[in-house]
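# Overview (structure and organization)
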Amino acid sequence: PLGLADIARYIKTSPSLLSHKFKAETGLSPMARLLQIRSEHARSLLLKGEKLKSIAALTGHSSEYHLSRNFKAVTGVSPARFRAVQSRLARPPPGR
């Protein structure tokens, strides 16, 4: 996986300076932003019905556990809870 040092080397700066400038511009550390991006991607895959193991691999997580832990840290809910709530919201109300 691409890391901070790789990006810093590509733009010819130090990882530390890149991290400081990134945080000053975005308010987030590069890692926090990466976790946000991965969680956004995981969210879309959850809505499509993908399995957690597949989502973990597609979003750069080493395992389903790692995905679940990071997803909950970013969104406040587990992937299973997110999927359950979204599924409930997508169903038409009874009697319609």
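Residues numbered from 1 in each chain as written. Predicted model: local features only at pLDDT ≥ 70, side-chain atom pairs only at ≥ 80, totals over all residues. Heavy atoms only, no water.

### Concerning the environment of H61
For clarity, the threshold we go by: Counting from the N terminus, the helices are the DSSP runs of H or I reaching at least four residues and the strands are the DSSP runs of E reaching at least two. When a residue's accessible area, from a 1.4 Å probe over protein chains only, is under 20% of the maximum for its type it is buried; when over 50% it is exposed; and in between it is partly exposed. Any two residues whose heavy atoms approach within 4.5 Å at even a single point are treated as in contact. N or O atoms within 3.5 Å of each other form a polar contact, as long as, within protein, one can give a hydrogen and the other can take it, and as long as residues adjacent in sequence are counted only when both atoms are side-chain atoms.
Looking at the secondary structure, you find H61 in the loop between α4 (52–58) and α5 (64–75). Residue class for H61 comes out buried when judged on its relative accessible area of 8%. Remark: the alpha-carbon pair of H61 and L35, spanning 26 residues in sequence, is separated by 9.9 Å. Beyond its immediate sequence surroundings of up to four residues, H61 is in contact with R38, A56, H66, L67 and N70. In this structure the side chain of H61 is engaged in a polar contact, spanning 2.8 Å, whose partner is the side chain of T59.

### Some words on unusual backbone geometry
Although it is not a glycine, K12 sits at a positive phi angle of roughly 60°. Along the chain, the position of K12 falls in the loop between α1 (4–10) and α2 (15–26).

### Overview of the pattern of salt bridges
Test applied: The salt bridge definition used is simple: a Lys or Arg side-chain nitrogen within 4 Å of an Asp or Glu carboxyl oxygen.
Within the structure shown, the criterion is met by two salt bridges. In this structure, the salt-bridge partner of R9 is D6, at a minimum N-O distance of 2.8 Å. One end of the pair is R9 and the other is D6, both in helix α1 and three residues apart, which spans about a single turn.

### Looking at the side chain of R38
For the record, the criterion: Residues scored as positive are Lys and Arg, those scored as negative are Asp and Glu, and His as well as the terminal groups of each chain are ignored.
Topologically, R38 is positioned in helix α3 (residues 30–47). It turns out R38 is buried and unbridged, and the closest side chain with the opposite charge, D6, is 11 Å from it. Here T59 takes part through its backbone oxygen, which lies 3.1 Å from a polar atom of the side chain of R38.

### Thoughts on the side chain of S39
Structurally, S39 is set in helix α3. Dropping the residues within four chain positions of it, S39 is found in contact with N70, F71 and V74.

### A word on a nonpolar patch on the surface
We count it as follows: For patches, a residue must show more than 30% relative accessible area and have no salt bridge; joins then use 9 Å for like charges and 5 Å for nonpolar side chains, namely Val, Leu, Ile, Met, Phe, Trp and Tyr. All accessibility values rest on the Shrake-Rupley procedure with a 1.4 Å probe; residue burial counts only the protein chains present in the view.
On the surface, a cluster of nonpolar side chains totalling about 480 Å² of accessible area is made up of L2, I7, Y10 and I11. Take L2: it is sitting in the segment before α1.

### A look at the packing of α3 against α5
Definition in use: As a rule, the C-alpha atoms of each element are fitted with a line to give its axis, helices using only the stretch in contact, and angles between N-to-C directions run from 0 to 180 degrees. If an angle is under 35 degrees, it is roughly parallel; if it is over 145, roughly antiparallel; if it lies from 65 to 115, roughly perpendicular; otherwise it is oblique. As a working rule, the residues Ala, Val, Leu, Ile, Met, Phe, Trp, Tyr, Cys and Pro are called nonpolar, Asp, Glu, Lys and Arg charged, and the rest polar, with Gly in that last group.
Remark: α3 packs on α5, axes separated minimally by 9 Å, with the N-to-C direction vectors making an angle of 105°. Comparing their axes, α5 and α3 come out roughly perpendicular. Seen from α3, the contacting residues are L35, Q36, S39, A42, R43 and L46; seen from α5, they are L67, N70, F71, V74 and T75. Here the contact of α3 with α5 is built from residues that sort into six nonpolar, four polar and one charged.

### Some thoughts on the packing of α3 against helix α6 (residues 79–90)
As a reminder of what qualifies: Working rule for handedness: look at the near helix, and if it is turned counterclockwise from the far one by less than a right angle, call the crossing left-handed; if clockwise, right-handed.
Packing of α3 against α6 brings their axes to within 10 Å, and their N-to-C directions diverge by 50°. In terms of orientation, α3 and α6 fall into the oblique class. Classified by chirality, the crossing of α6 by α3 is right-handed. Together, R43, L46 and L47 of α3 and P79, F82, R83 and Q86 of α6 make up the contact between the two elements.

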